[in-house]
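# Per-entry structural report
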Amino acid sequence: MIQTLFETPSAYRPTDAEMAAPVPPVEAVLFDFSNTIFQMIDLETWLRRVGAASGRLPRLDEPSVLAETAQQLRTAFRLPAVVALQEGRDLSSERHRRAMRGWWEQVDFLRGVEDTAYRELTAADAWIPYPDTEAVLRALRDRGLRTGIVSDFAWDLRTHLTHHGLDTLIGTCVISYEHAREKPDPHLFLKACADLGSDPRATLMVGDNPVRDGGATACGLRTYILPAEHRTGDRGLSDVLRLVA
């Protein structure tokens, strides 16, 4: 076994022959979910849905209430107690709900209707695909590549895929709350590869977080990291098609 002075910690150990040979072509692509192929509806739409479901909708039409609520959300999210609740929130549904409640109870408009707000957060139509998501997933399938999702998420994101008719384009979903692990835990990436019958070294991970999604490299995967910006248009996923060509 060839060794180097500055070795990268890895969750896999290729053979000498594999390391000397060309990297195998990509045969499967894994995607992060949030801010990669799907995004949540915009804040005003979500707040209005919460307002309609809780009887508070007229309050959002009062002067400055919408802007003040948005500012309170940003401020509250930086409070030490709220920050602490976010640690490991996607390890279970209970932890995530507790983290959201601890945040929203600091916000005037949401205080007292946290359960309603959570229902609107997890509603099937509360998360929408980017404009280029479906086209890229279909193009990958047409090329014979297998696709999956590896996501830090606290509920069954398959409901969102199904709602938008994209569930048939995804071969597996490995979700943090179902395994009590968060990325970059190697188990999640390797589980997705196993589900797809894909060699990790022939698999590409696509996401927007260099630490969580980029951690797939420790399992032998290649990674493509999208810009960390809140897009409203195409996410830039078409570049993936060039990478797997």
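In what follows, the accompanying structure is described. Everything numeric here is computed off the predicted structure, so don't read it as measured data. (Residues numbered from 1 in each chain as written. Predicted model: local features only at pLDDT ≥ 70, side-chain atom pairs only at ≥ 80, totals over all residues. Heavy atoms only, no water.)

## Details of helix 4 (residues 65-77)
Taking 1.5 Å of rise per residue, the 13 residues of helix 4 would be expected to cover 18 Å, and the 18 Å separating its terminal C-alpha atoms lies within 8% of that figure. Along helix 4, the residues classified as buried are Val65, Thr69, Ala70, Leu73 and Ala76. Relative to the axis of helix 4, the buried residues are bounded by an arc of 140° and lie together on one face. Packed against the buried residues of helix 4 are helix 2 (43-54), helix 3 (57-60), helix 5 (80-86) and helix 6 (93-104). (Helix = DSSP H or I, 4+ residues; strand = E, 2+ residues; numbered from the N terminus. Expected span 1.5 Å × (residues − 1). Buried < 20%, exposed > 50% of the residue type's maximum accessible area, 1.4 Å probe, protein only. Arc of directions from axis to C-beta. Contact = heavy atoms within 4.5 Å.)

## Observations concerning the side chain of Glu114
Summarising the element assignment, Glu114 is placed in helix 7 (residues 114-122). In this structure the side chain of Glu114 is engaged in a polar contact, spanning 3.1 Å, whose partner is the backbone nitrogen of Gly112. Setting aside anything within four residues of it in sequence, one finds Glu114 in contact with Arg101, Trp104 and Glu105. (Polar contact = N/O pair within 3.5 Å; in protein donor to acceptor, adjacent residues only side chain to side chain.)

## Considerations on the packing of aromatic side chains
In this structure the tally under the stated criterion is 11 aromatic pairs. Note on Phe77 and Trp103: the rings are 4.6 Å apart at their centroids and 55° apart in plane angle, and the pair reads as tilted. Taken together, the residues span a long stretch of sequence, with Phe77 in helix 4 and Trp103 in helix 6 at a distance of 26 residues. Taking relative accessible area as the criterion, Trp103 reaches 17% and is therefore assigned buried. Arranged with centres 5.2 Å apart and planes meeting at 75°, the rings of Trp127 and Phe153 form a pair that is edge-to-face. Of the two residues, Trp127 is situated in strand 3 (residues 127-129) and Phe153 in the loop between strand 4 (146-151) and helix 9 (158-163); the sequence distance between them amounts to 26 residues. Residue Phe153 is classed as buried on the basis of its relative accessible area of 4%. Site record: aromatic cluster; members linked through ring pairs are Phe33, Phe38, Trp46, Phe77, Trp103, Trp104, Tyr118, Trp127, Phe153 and Trp155. One cation-aromatic arrangement involves Arg235 over Tyr130; the distance from NZ or CZ to the ring centre is 5.8 Å. (Phe/Tyr/Trp six-rings, centres within 6.5 Å; stacked < 30°, edge-to-face > 60°. Lys NZ or Arg CZ within 6 Å of the ring centre and 35° of its normal.)

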